[in-house]
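Chain residues, written in single-letter form:
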Amino acid sequence: MSQPLKQTQRTAHTAWCPAEAGANLLALGSASVGTSASDATLDFVSFDAGRSGADMDVKASIRMEGGRRFSTISWGRLGSETSFPMGCVAGGLQDGIVSLWNPNVILNSNGSDQGVINTLQVHKGAVNCVEFHPLKSTLMATCGDSEVKILNIESPSSPNLFEPSTNNKHLGSEVLSCAWNRVVPHILCSSSNTGTTVVWDLKQKKEVISFQDPASRLRCSSVAWHPEVPTQLVVCYDDDRQPSMQMWDLRNCQYPFKETAPHTKGVLSVAWNQMDPNLILSCGKDNRVICTSIASGSPETWCEMSAQQHSFEVEWAPHKAALFSAASSGTVGIYSVQQQQNAGKYCPRWYRKRCGVGFGFGGKLLSFGAKATDAAKLPTASFCHSLVVPSEPEIVPTADLFEHWIAERRLREYCHDKTRRCGGVASHEGLMWELMGSQFEEDGRSKVPTLLGFDQDRILQEAERLLGAKPGNLMGQSPEEEQAPAAAVPSLGPELDLTQAESFFEELSASTEQKKREEMEREEQKKKNKTEEVSKVTDWSSGPEALIKQSLLVGNLTAAVELCFKSGKMAEALLLASGGGTTLWTRARDEYLRLQGDSFLTTVGNIMTNDFSKLVANSNLAHWMETLAIVATYSNREYQALCEQLAERLEKEKFDIRSAVICYICAKNFPKTVSIWANTHVASQGSQKLALQDLVEKMAVLQDATKFNQADPLFSQKLTKYAEILANSGRLTAAMRYLCLLADDNSSAILRDRIFNSAPSQMGQMLRSAPRFPFQTTEVRVVQSAPSARSSMGYPGQSAGGVGVNPGAGMGMGTNSMMSGGMGGGMGGNMGGNMGGNMGG
């Protein structure tokens, strides 16, 4: 249990003084938990970090009018240095009242002056959150019941109250938290107990966007903005079954781009360090306060502090980077993230147990104890049992199933099975698995457009329905088709009886009349089209047309083509350019595309010129699937590079990592795909162990599909961690099979050695040779030296020869010798014999 630097015994909400002169000063508002109405106070306390002891000094205290208790508190600058040098304290009370105090007046009078600036009714129920604007100190946001309110306290004695929008997105819910954007001053966010987080634009007085957890978690207990990135915020959930902290980016808020679950129960409060944006502080119902670091790109626990009871509120000190306050029931403490816990190495004898259990490597459980016996005179018999108990039983069934697939080398079928279980390629997960399965096939790339939803057979059917005939019949037959031999005469079929013959002639007559009507309609349409064509005949004897004609007559096709473009005759220009050689045709085609300014025609031009890099660079990311389908259909060797280029655009410009990972899979970019999976795998699974299992299975399949054999730190870390879990669950073969996917590195060398030596016969059938010994063996020898003159004097009864060790009696020191007890036996035999011989003289 971590001990605080300073603490005070009271249940209160806390707020740090924003003024640098009061860096060690806090305001404590009596909380509703465990506080009677008569004890409701507003206290100002300070601490001296250099003074011994954990007590905090109470500088001033005032009693609350009517015994009202605090549900939240905030301390802002208020902007006016003359009237409010210590800023302004705002307290949200249980009955919907928000009160403002002047802390300078209260401190100077030692609490004799109440220092109340104003008190007004803002909400109908308890005020859940109050926060001063970090950039505009005269604005303050409050939330409670189902409303968010904005107070303009430029004139504190008569503040103005308004709402962020006329449309209340939180109607019917309880708003639990709100926070101001740290960069854009007119942006505010709020979260409710229904899981909805809303971002408001006070300038436009409307909602910007709202989002919810994809896993349908409720009760967003706290929200905080990134101190430097205006589009990113963190939301935590008070969910005991699936506690989570999610980082969202408003540029793509369909899914969180990072997620972590450091707590085992609901998360109650979160605070982002304003001096170091890589540190996020959180507290939960699991009696822990955790500081999470996001400096490496993936959230990881940086330090952790535990207590006897859970904290309901944490807040960083604004002027001391390492300090923070944590409020719990009965205690407000000041902690430092630099605190270290040193565990003692000595275990006293009275801790010896009559019975006990202990886990060993490979999922082994060893239990010992005394046997029950009726013979009183017999010595007490003991027992020692060894069992194999999986440390993570929830992962064992899936691990055994995947081991079956991978042992039979049927990973392509495994991908198809996963796609089926995910609901087909319509889901993101199913599409990923199907694309990975296509990597095992030689013509897998040709299936990419179909998997993306562009089915060739369906498109052909739609075209045939629209054309009224199969594509290729409307433009006339090619010479090869005209010279094709006549088809064989079909069989006339069986003979008809009288009734069938009469029916046949009736149907034939009706069919003939129908054909006549259709023929007449086609003739009328042809006459109409011919009339329109006659009316569109161009006069080539005057104007620019005559000059085009003359340029053609003298053989200047370049001038004729340019005159056609100048006159707006696009088709004529392309027709003339087709007979002027490759250079003229290319120039005319590019000019036509430039004049049209059509994005689709530009794409067609890029396909015709094989300029796919430019096509991807200028493509609309909203239609990235179309771009990927074009690249898969038309590009050649640069296919993987183009897929990676598209993935980087989706990741960096649109922040759409779900779409980017599809492109990275097509590009066979193993490191980038694994990196995105590692940052988002918690969101799709309820358990961290199951999420790790799903991640490792994907990585193993993708590595085999892409034949990736280079070193990747993230891949090695996740695979080694999962292999250790499998080994501790008794699945040694599966664990070693995963480790064989990695290069022989130091990170997994110890685990390889432990697995191999725990079951050498079983591993010998799987591996050609034993893994290398992970430790360095050093031979230690004690060399005998001649005694000095001083030591030759000796003591009475001791030989002048001194105490020595035989030169040949070397002592080998290594892990194996220490574990087997050889070192102790060697030292006892050699040294005992030599000492006895020398001293015996």
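What you see is a predicted model, and the numbers here were worked out from it, not measured in a lab.

Here we come to the overall build of the protein. If you tally the helices and strands in the protein, you get 26 helices and 33 strands. Going through the 841 residues of the protein one by one, you find that 42% of them count as buried. Summarising the internal contacts of the protein: among those between residues at least 6 apart in sequence, 51% fall at separations of at least 24. In the form shown here, the protein has an accessible surface area of approximately 46,000 Å², with 51% of it arising from carbon and sulfur atoms.

Before going further, it helps to examine the state of the cysteines. All chains considered together, the criterion is met by zero disulfides. No disulfide involves Cys-178; its sulfur sits 3.8 Å from the nearest other cysteine sulfur, which is in Cys-129.

Before going further, it helps to spend a moment on the sheet that holds strand E15 (residues 187–192). Within a beta sheet, neighbouring strands are joined by backbone hydrogen bonds and run either parallel or antiparallel to one another. Across the sheet, four strands lie side by side as E14-E15-E16-E17; this open sheet has antiparallel pairing. At either margin of the open sheet sits one strand with a lone partner, and together these are strand E14 (175–180) and strand E17 (206–212). For this sheet, the mean angle separating the axes of adjacent strands, direction not counted, is 20°.

Here we come to the pattern of salt bridges. Across all of its chains, the model carries 27 salt bridges by this definition. Between Glu-147 and Lys-149 there is a salt bridge, with the nearest N and O atoms lying 3.5 Å from each other. The shortest N-O distance in the salt bridge between Lys-149 and Glu-163 comes to 2.9 Å. One end of the pair, Lys-149, is in strand E12 (residues 147–152); the other, Glu-163, is in the loop between strand E13 (160–162) and E14, and 14 residues separate them in sequence. Classification of Lys-149 as buried rests on a relative accessible area of 10%. Taken together, the shared-partner salt bridges in this structure form one network comprising Arg-219, Asp-238, Asp-240 and Lys-285.

Our next topic: the pairing of strand E11 (residues 139–144). Burial analysis of E11 places six of its six residues in the buried class, the great majority of the element. Here E11 shows a buried face lined by Leu-139, Ala-141 and Cys-143 and a second buried face lined by Met-140, Thr-142 and Gly-144. In this structure, the hairpin formed by strand E10 (residues 127–132) and E11 is closed by a connection of six residues. A loop of two residues connects E11 with E12, the two strands running antiparallel in sequence, and Asp-145 in this loop sits at a positive phi of about 40°.

Within the secondary structure layout, Ser-269 lies in strand E22 (residues 267–272). Overall, the relative accessible area of 8% leaves Ser-269 in the buried class. Not counting chain neighbours up to four residues away, the residues in contact with Ser-269 comprise Ser-222, Cys-236, Leu-281, Ser-282, Cys-283, Phe-312, Glu-313 and Val-314.

In this section: the nonpolar core. Among the nonpolar cores identified, the biggest contains 87 residues, and Leu-628, Trp-677 and Ile-755 are the most heavily contacted of them. What Leu-628 contacts, discounting residues up to four positions off in sequence, is Val-448, Leu-452, Cys-643, Leu-646, Ile-662, Cys-663 and Cys-666. Ala-40, Ile-62, Phe-70 and Ile-73 belong to the second largest nonpolar core, which has 21 residues in total.

This paragraph deals with helix H22 (residues 746–758). Relative to the 18 Å expected for 13 residues at 1.5 Å per residue, H22 spans 19 Å between its end C-alpha atoms, a close match to the ideal helical length. By the burial criterion, the buried members of H22 are Ser-748, Ala-749, Leu-751, Arg-752, Asp-753, Ile-755 and Phe-756. Where H22 is buried, its residues touch helix H20 (713–728), helix H21 (732–739) and helix H23 (760–766).

Here the focus is the pairing of strand E4 (residues 41–46). The buried count for E4 comes to six of six residues, which makes it a mostly enclosed element. Residues Thr-41, Asp-43 and Val-45 line one face of E4 and the alternating positions Leu-42, Phe-44 and Ser-46 line the opposite face, and both faces are buried. Where strand E3 (residues 25–30) lies against E4, five bridges are found, and the strand directions are antiparallel. Counterpart to Ala-27 in the pairing with E4 is Phe-44. Both E4 and strand E5 (residues 57–63) contribute to a ladder of six bridges, which runs antiparallel. Note that in E5 the partner of Ser-46 across the bridge is Asp-57.

Looking now at the environment of Cys-283. By the element assignment, Cys-283 lies in strand E23 (residues 279–284). A residue is classified by how much of its surface remains accessible, and Cys-283, at 0% relative accessible area, is buried. Sequence separation between Cys-283 and Pro-262 is 21 residues; the distance between their C-alpha atoms is 9.7 Å. Beyond its immediate sequence surroundings of up to four residues, Cys-283 is in contact with His-263, Val-267, Leu-268, Ser-269, Arg-288, Val-289, Ser-311, Phe-312, Glu-313 and Val-314.

Within the open sheet, the four strands sit side by side as E22-E23-E24-E25. Their pairing is antiparallel. Edge positions in the open sheet fall to E22 and strand E25 (300–306), since each of these has one partner strand only. Neighbour to neighbour, the strand axes of the sheet diverge by 20° on average, direction disregarded. Where strand E24 (residues 288–293) meets E25, six bridges bridge the pair, whose relative direction is antiparallel. From the neighbouring strand, Ser-293 faces E25, where its bridge partner is Glu-300.

Before going further, it helps to spend a moment on the environment of Lys-258. As for its position among the elements, Lys-258 is in strand E21 (residues 258–260). Expressed as a C-alpha distance, the spacing of Lys-258 and Pro-299, which sit 41 residues apart in the sequence, is 7.6 Å.

Positive phi, normally seen in glycine, also occurs at Asn-287, with a value near 65°. Considering the arrangement of structural elements, one finds Asn-287 in the loop between E23 and E24. On the basis of relative accessible area, Asn-287 is assigned to the partly exposed category, the value being 25%. Positive phi, normally seen in glycine, also occurs at Lys-668, with a value near 60°.

Right, let's talk about the packing of aromatic side chains for a bit. For any pair of aromatic rings, the description rests on two quantities: the centre-to-centre distance and the angle between the ring planes. Applying the stated rule across the entire model yields 14 aromatic pairs. With 6.1 Å between their ring centres and 85° between their planes, Trp-16 and Phe-47 make a pair best called edge-to-face. Of this pair, Trp-16 sits in strand E2 (residues 12–16) while Phe-47 sits in the loop between E4 and E5, and the two are 31 residues apart along the sequence. An aromatic cluster is built from Phe-402, Trp-405, Tyr-414, Trp-433, Tyr-722 and Tyr-738, whose rings are joined through pairwise contacts. Arg-445 extends its terminal NZ or CZ atom over the ring of Tyr-639, reaching a point 4.4 Å from the ring centre. Above the plane of the ring of Tyr-255 lies Arg-658, whose end atom (NZ or CZ) is 3.6 Å from the centre.

Within the protein, residue pLDDT values average 81, and 82% of them lie at 70 or more. Mean pLDDT across the elements of the protein ranges from a minimum in helix H25 (residues 815–820), with 37, to a maximum in E15, with 96. Across residues 486–491 the pLDDT falls below 50, and counting only partners more than four positions away or on other chains, this stretch makes zero contacts in the model.

Where helix H2 (residues 396–407) meets H21, the axes come as close as 11 Å, and the angle between the chain directions of the two elements is 55°. When the axes of H2 and H21 are compared, the pair comes out oblique. For the crossing formed where H2 meets H21, the hand is left-handed. Contact residues: H2 offers Phe-402, Glu-403, Ile-406 and Ala-407, while H21 offers Thr-733, Ala-734, Arg-737 and Tyr-738. Of the residues assigned to the contact of H2 with H21, the class counts are five nonpolar, one polar and two charged.

Cut-offs applied
Residues numbered from 1 in each chain as written. Predicted model: local features only at pLDDT ≥ 70, side-chain atom pairs only at ≥ 80, totals over all residues. Heavy atoms only, no water. Helix = DSSP H or I, 4+ residues; strand = E, 2+ residues; numbered from the N terminus. Buried < 20%, exposed > 50% of the residue type's maximum accessible area, 1.4 Å probe, protein only. Contact = heavy atoms within 4.5 Å. Areas by Shrake-Rupley, 256 points an atom, 1.4 Å probe, with all protein chains shown as cover. Disulfide = S-S within 2.5 Å. Pairing = 2+ DSSP bridges. Axes fitted to C-alpha atoms, helices over the stretch in contact; angles between N-to-C directions. Salt bridge = Lys/Arg side-chain N within 4 Å of Asp/Glu carboxyl O. Core = buried A, V, L, I, M, F, W, Y, C linked by side-chain atoms within 4.5 Å. Expected span 1.5 Å × (residues − 1). Phe/Tyr/Trp six-rings, centres within 6.5 Å; stacked < 30°, edge-to-face > 60°. Lys NZ or Arg CZ within 6 Å of the ring centre and 35° of its normal. pLDDT = per-residue confidence, 0-100. Parallel < 35°, antiparallel > 145°, perpendicular 65-115°, else oblique. Left-handed = near helix turned anticlockwise from the far one by under 90°. Nonpolar A, V, L, I, M, F, W, Y, C, P; charged D, E, K, R; others polar.

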